[in-house]
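# A closer look at the structure
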Amino acid sequence: MGPASLQEERELEKEPEEKMESYRCLLQAGSQLQSTVQQVSVPVSMKEVGGYIEKQVAYLSGGRGEDSSVIITLPEFSAFSDIPEEALAKVFSYLTLIPRTRQPGVKFIIILDRRLDTWASIKTALARIAASFPGNLHLVLVLRPTSFFHRTVTDIGFRFSQEDFMLKMPVVMLSSVTDLLRYISENQLTSEFGGTLDYCHSDWIVLRTAIESFAVTVKDIAQMLQGFGTELAETELPDKGKAIEYLLEAQTDKYRKLKDAIRSVSKEGRHLLSSLETSGKEDDSEWDVKLDWETVQRLLAQLRDMESAFDGFFEKHHLKLHQYLQLLKYEQSFQEIELCLEHLMAEEKELSVSADTLAQTEQALKRLDGLEANAQEVVSRAQIIILHGHQLSASHHFAMALIMQRCNELRHHCDTLNAALKTRHSRLLHTHQLLLCLDQAHIWCDDGAYLLANQLVENFQSKEGAQTALRDIEKFLEEAPSILSSGPDVLAIEYEAIITPHLQAQVGKTFEKHAAVQQMIQNRQACLRKLADKHVRPVQLVAPRPENPPRSKSPLFSPKHGDGLKFTFDLSLPGKRASRKSPHPRKIEVIHDYQESRGCVSYSLEGEDSPDLLKRHVMRELIETERIYVEELLSVLLGYKAEMDNPALSGLLPPILRSKRDILFGNMPDIYNFHSRTFLQDLEGCLEAPEGVAACFLKRKESFQMYECYCQNKPRSESLWRQFADCAFFHECQKKLEHKLGLDSYLLKPVQRLTKYQLLLKELLKYSTDCEGTSELEVALTAMLDLLKSVNDSMHQIAITGYEGDICELGRVLMQGSFSVWISHKRGPTRMKELARFKPMQRHLFLYERALLFCKRREEHGEGCDKTPSYSFKHCLKMTAVGITENVKGDVKKFEIWYSGREEVYGVQAPTVEVKMAWLNELRRILTNQQKMLRDEACQHGEMVEHTELSPPLSERGMRPSRGVPRGCLPGLDFVSLSADVFLCLRSRSPRPRSPRQRPRLRPRHRPQRH
């Protein structure tokens, strides 16, 4: 399930009804709690007026007057007039808001205690109260000054100002505390006014501060819970398992912190409630305390309700998130196991059902066994995932339908894979059974031919001998495989499910072979019965040699049709290669020809092998040595190179050797893959048809170029081997492989094998005179010899030093060799210097497609067989400016190479005449190709170039072979080839008008000098 399906599932299950219901409960509980907090909270807090409240500018004693009016007391305060109007207004607002939140519309009574003050102070206080008091003021009770003077002044002043005050608020001037009892009962007055009401101002401040703090904390907790609930409800679920786990961890941590805060607030509320209960028990008349207790109690109850709603919501959200994480992990496991199953299905489809040989079938069965083992492991893992899916569904997972769908898909994949593997195994077993039966039939036919070949003529001289031979044949016929008793049609029906054209052909060949052997046996039986019934002395046409070499079975025989049936058998020992160098090769030919008139069996023993049999000998040797070669390469790659990754042997292997193993082994893996997968199979297909072996070599000619890379790397490989030959790792690997020779001997195998092919091709060509495929064999032999030459040339090329530039731009190496060289220049000083040199220089020449390099061979480094030559670069001649003089007077082995119109002339002496002619032929070919390219270029540009014969026949030129050249020694003339530069000059000239009889003639810029 990809992100799209996850998103779809998320959208389907994003807001389930249960979760939304719990979220609504959480929001409702939060709203109720906030409403309660809003009711009990006042806009002005204790923090804002705490300083004036502590100074007792005014206070709420808790007493009540008539109509349950709340009493606010303004005690004697010397600095009352200094309090700012704004501060006094906040104090009055705070004191009036507390009762009003509990009892809206409540009235207030102010007791103004000014017994020690003056009228001026009373007047100012009344004026400020009238201006700042925000509540419904029912009555102002003023305790006037107690001193006579100030009381008299107060009475007079109040009398004149009474109307002003009465208009704003009712004011009653009291002479003493006793007068106060007429308006307020004694138990509603504090002790300072002669009452019994117990009031402690500091306790009231502490209690009031605690209530306000609790309300504010409860409000904050409610907001945090609502905010966190909204965050949980609106969280987008990520698509990664790590992100889900991180989100779970973060939300759980935040939830635990909120729970700790709720517990702390609840503890604070319970402590406050306990304090209020204690105050309420001491004095039942303090009904304000009861109201505070009820408020705190209600806040605590609503806080518990909200906590419960939040717990339920978070539990459902946490479960949903956890289930989503389970679904994500389950989907990841499903995708991984589905990918494994698809990979196994692909491997099963790639596995070949129809194998051509018994070995291929057995190999396919081994691969299938390994595939079935892997499939069993993957299917077991898939069963575990299916079981886990059922467990998730049983736990009422929200994506139960999707999980069950995945379980069904996995079960279907497993069933499909098991069925396919079972079918594939059954087909391979049937194929193996058929090929095994065919192989047994082939062996039986070979045994039959061997039995007939070993029945000696001298044993038939008696009746008993003929009868014994008959019994041997009858016993042998009783042991015939059951497959031979049924025909090809019956086999085709029985193995119809697995039969292929190739298997059908094998069945046909087997029954043809059986028919041939059966005919041989029947002919032999008929002859033996005649001899047993009426003894006739056999006629021995060709006497065998006296020695009796050991006879053994041969799996190879080829019938030839003539007057009778003739089969040829190789009598070499099984498992050993026949030596073609033996001075007396032996072959026995058994000729079955029953003649009614003569009634005898004719045998022929020849002392010399026929060409066909010799070719088969060579083919067998080629295929057998190829198999051995492939096995040896495999043993090196597995026993040495692969072991370099073996942790058990890492301590024996130097680190530098591990990093340079590609240098040590070169491209041996590529060589092994080519021979094991391609070339060996091609050769095996030519076992019965040796004439097709040439096509194998020609078809794979390009693939053999990989040997050039291997040989070029060989010096580096040998150097590395000499450095680490005594390494314990190599000794341990050699010990495991039970090799008698070290690794260096096996690293030489590809070079040795490459040289072996041309020898075997020569042998095949030797025995294929006037036969089909002879020309192809010659072409294949030439190709392999050219390959050896190319490899040899490239080995010399990599030893060139001092050449500036990319040597690959010069093209392919065509020839290379050592020569004696004289150099002459046209210029005076340089020419005199060169003429002073009588002794030739020894130079190694490299002929490329585009240039000719002159190098000096340096002394070889190393000792013994480890010596390696090197070549110092001296000159480079571009082939576009080169010309040649084929014959030089006085020496049949010399020729000239001249450069840039004989500016430089190089006299070259070859070691033999044959080498000289080979180089001249190659140089002539290159120059001719260059001239042809230039002619084509001229034709393309529309220019007419006169045709010039560069080497006319002797009769046309009137030339004779150069003097000093022995007659019959060289077929060449004193021949001069034009360089490409000269040809360019000739092409650029405009043709002159001439008569039709005029013979076209072109002359080079520089005439070559005769020597």
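Residues numbered from 1 in each chain as written. Predicted model: local features only at pLDDT ≥ 70, side-chain atom pairs only at ≥ 80, totals over all residues. Heavy atoms only, no water.

### Some points on the sheet that holds strand β4 (residues 136-143)
Backbone-to-backbone hydrogen bonds pair the strands of a sheet. The strands run either parallel or antiparallel. One open sheet holds the five strands; their spatial order is β1-β2-β3-β4-β5, and the pairing between them is mixed. Each edge of the open sheet is held by one strand with a lone partner, namely β1 (59-64) and β5 (171-174). Here the average twist between neighbouring strands, direction ignored, is 25°. As paired elements, β1 and strand β2 (residues 70-74) share three bridges and run antiparallel to each other. Note that in β2 the partner of arginine 64 across the bridge is valine 70. (Pairing = 2+ DSSP bridges. Helix = DSSP H or I, 4+ residues; strand = E, 2+ residues; numbered from the N terminus. Axes fitted to C-alpha atoms, helices over the stretch in contact; angles between N-to-C directions.)

### A few points about unusual backbone geometry
Even without being a glycine, histidine 396 presents a positive backbone phi close to 60°. Of note, histidine 396 is situated in the loop between α11 (358-394) and α12 (400-453). Positive phi, close to 60°, is recorded for glutamate 738, a residue that is not glycine. You can see glutamate 738 is positioned in the loop between α22 (728-737) and α23 (743-747). Judged by its relative accessible area of 69%, glutamate 738 falls in the exposed class. (Buried < 20%, exposed > 50% of the residue type's maximum accessible area, 1.4 Å probe, protein only.)

### Some thoughts on the pattern of salt bridges
Any two side chains of opposite charge can pair if their charged atoms end up close together. Applying the stated rule across the entire model yields 26 salt bridges. One salt bridge in this structure joins glutamate 245 and lysine 329, with 3.2 Å as the shortest N-O distance. Taken as a pair, glutamate 245 in helix α9 (residues 241-282) and lysine 329 in helix α10 (residues 287-350) lie far apart in primary sequence, 84 residues in all. Classification of glutamate 245 as partly exposed rests on a relative accessible area of 31%. Residue classification places lysine 329 among the partly exposed residues on the basis of a relative accessible area of 41%. Close ionic contact of aspartate 260 with arginine 263 constitutes a salt bridge, the shortest N to O distance being 2.4 Å. Placement of both aspartate 260 and arginine 263 in helix α9 is noted, with a separation of three residues, approximately one turn of the helix. (Salt bridge = Lys/Arg side-chain N within 4 Å of Asp/Glu carboxyl O.)

### Some points on the environment of alanine 497
Secondary-structure assignment places alanine 497 in the loop between α14 (488-494) and α15 (501-533). In this structure alanine 497 comes out as exposed when scored by relative accessible area, which is 58%. Along the sequence, alanine 497 and arginine 427 sit 70 residues apart, while their C-alpha atoms lie 7.5 Å from each other.

### Focus: the pairing of β4
The buried count for β4 comes to six of eight residues, which makes it a mostly enclosed element. Bridge count for strand β3 (residues 107-113) against β4 is seven bridges, and the pairing is parallel. The residue of β4 that forms the bridge with isoleucine 111 is leucine 141. Assessed by its sense of winding, the connection that carries the chain from β3 through helix α5 (residues 119-132) to β4 is right-handed. (Right-handed = clockwise from strand over helix to strand, strands pointing away.)

### Structural notes on the confidence of the model for the protein
Considering every residue of the protein, the mean pLDDT works out to 76; 76% of them sit at 70 or more. Considering each helix and strand of the protein separately, the mean pLDDT is smallest for strand β7 (residues 565-569), with a value of 33, and largest for α23, with 92. Every residue in residues 11-15 is under pLDDT 50, and counting partners more than four places away or in other chains gives five contacts. Note on residues 943-1011: pLDDT is under 50 here. Beyond four places in sequence and across chains, it has 101 contacts. (pLDDT = per-residue confidence, 0-100. Contact = heavy atoms within 4.5 Å.)

### Some details on the side chain of glutamate 886
Along the chain, glutamate 886 turns up in the loop between β15 (882-885) and β16 (894-899). A polar side-chain atom of glutamate 886 sits 2.7 Å from a polar atom in the side chain of arginine 924. (Polar contact = N/O pair within 3.5 Å; in protein donor to acceptor, adjacent residues only side chain to side chain.)

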